Amino acid sequence: MKTKNLLVLILVLAGLAPLAHARADKSLLGEALPALKVEYLAAKPELAGKPMILEFWATWCPPCRKSIPHLNELHSKYQSRGLVIVGVTKEEKKVVKDFLKKMPMAYFPAIDKGGALNKHFGVTGIPHAVLVDKSGKIVWEGHPLSLTDKQIAKVLE
């Protein structure tokens, strides 16, 4: 296990989970979402002109596993109104596919090979999510469980 992953696991086990997730070294609020150069595990979603939640996660991350049912619920509730949810991990495809057999994601899991997207966002703690409006502008960032229906409704207008 990499040192950073071990540190996150220790923080989570020590009850300091808030210190272990939803962190980025920089804020991209107000900026345009970059092209998502990721490998989707299933069909590639249509993203142009659609509001979106982009979440950074990992299979080994307990707070990430807690967020998956919530994101599945948001997907079910808002997909008919155009919301797209993409869950991005840096892990190997086989690891993610095996994980998804136990904990399915109703939305679009994807692999960020090499972690370029993670680096672009400065992600240092997961789960970390960004909310993107229809124009492709990042309007919110933080822990996916703290994203409210009101914030989502704004990007669906």
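Above: the structure in question.
Everything numeric in this text was worked out from a predicted model, so none of it was measured. (Residues numbered from 1 in each chain as written. Predicted model: local features only at pLDDT ≥ 70, side-chain atom pairs only at ≥ 80, totals over all residues. Heavy atoms only, no water.)

Colleague: Go over helix α2 (residues 62–78), please, and point to the residues and values.
Modeller: Between the first and last C-alpha of α2 there are 25 Å, a value that for 17 residues agrees with the 24 Å anticipated at 1.5 Å per step. The largest bend in α2 comes to about 25°, at Ile68, with the proline Pro69 one to four residues further on. (Helix = DSSP H or I, 4+ residues; strand = E, 2+ residues; numbered from the N terminus. Expected span 1.5 Å × (residues − 1). Bend = angle between axes of the 7 residues up to and from the residue.)

Colleague: Could you give an account of the packing of aromatic side chains, with specific residues and numbers?
Modeller: Scanning the model with the defined rule gives two aromatic pairs in all. Both rings, one in Phe56 and one in Phe121, keep their centres 5.3 Å apart while their planes meet at 55°; by these two values the pair is tilted. Of this pair, Phe56 sits in strand β3 (residues 52–56) while Phe121 sits in helix α4 (residues 116–121), and the two are 65 residues apart along the sequence. Phe121 matches Phe56 in its accessibility class, with the two residues each being buried. Between the aromatic rings of Trp57 and Phe99, the centroid separation amounts to 5.6 Å while the plane-to-plane angle is 40°, which identifies the pairing as tilted. Of this pair, Trp57 sits in the loop between β3 and α2 while Phe99 is found in helix α3 (residues 93–102), placing the two residues 42 residues apart along the sequence. (Phe/Tyr/Trp six-rings, centres within 6.5 Å; stacked < 30°, edge-to-face > 60°. Buried < 20%, exposed > 50% of the residue type's maximum accessible area, 1.4 Å probe, protein only.)

Colleague: Run through unusual backbone geometry, naming residues and quoting values.
Modeller: Ile126 connects to Pro127 through a cis peptide bond whose omega is 0°. Relative to the assigned elements, Pro127 resides in the loop between β6 (123–125) and β7 (128–132).

Colleague: Outline the sheet that holds β3, listing residues and values.
Modeller: Ordered in space as β2-β5-β4-β3-β7-β8, the six strands form an open sheet in which the pairing is mixed. Each edge of the open sheet carries a strand with a single partner, namely β2 (39–40) and β8 (138–142). As judged from the five bridges shared by β3 and β7, these two strands associate in the antiparallel manner. Across the sheet, Met52 pairs through a bridge with Val132, a residue of β7. Here α2 sits on the sheet and contacts β3 and β4 (84–89); the angle it forms with β3, its principal contact strand, is near 165°. (Pairing = 2+ DSSP bridges. Contact = heavy atoms within 4.5 Å. Axes fitted to C-alpha atoms, helices over the stretch in contact; angles between N-to-C directions.)

Colleague: Lay out the packing of α2 against helix α5 (residues 149–156) in plain terms, naming residues and giving numbers.
Modeller: Packing of α2 against α5 leaves a shortest axis separation of 13 Å and a crossing angle of 40°. If you check the angle between α2 and α5, you find them oblique. The chirality of how α2 crosses α5 is right-handed. Of the residues in α5, those touching α2 at Leu74, Lys77 and Tyr78 are Asp149, Ile152 and Leu156. Of the residues contributing to the contact of α2 with α5, the split by class is four nonpolar, no polar and two charged. (Parallel < 35°, antiparallel > 145°, perpendicular 65-115°, else oblique. Left-handed = near helix turned anticlockwise from the far one by under 90°. Nonpolar A, V, L, I, M, F, W, Y, C, P; charged D, E, K, R; others polar.)

Limitation: the analysis is restricted to geometry and does not speak to function.
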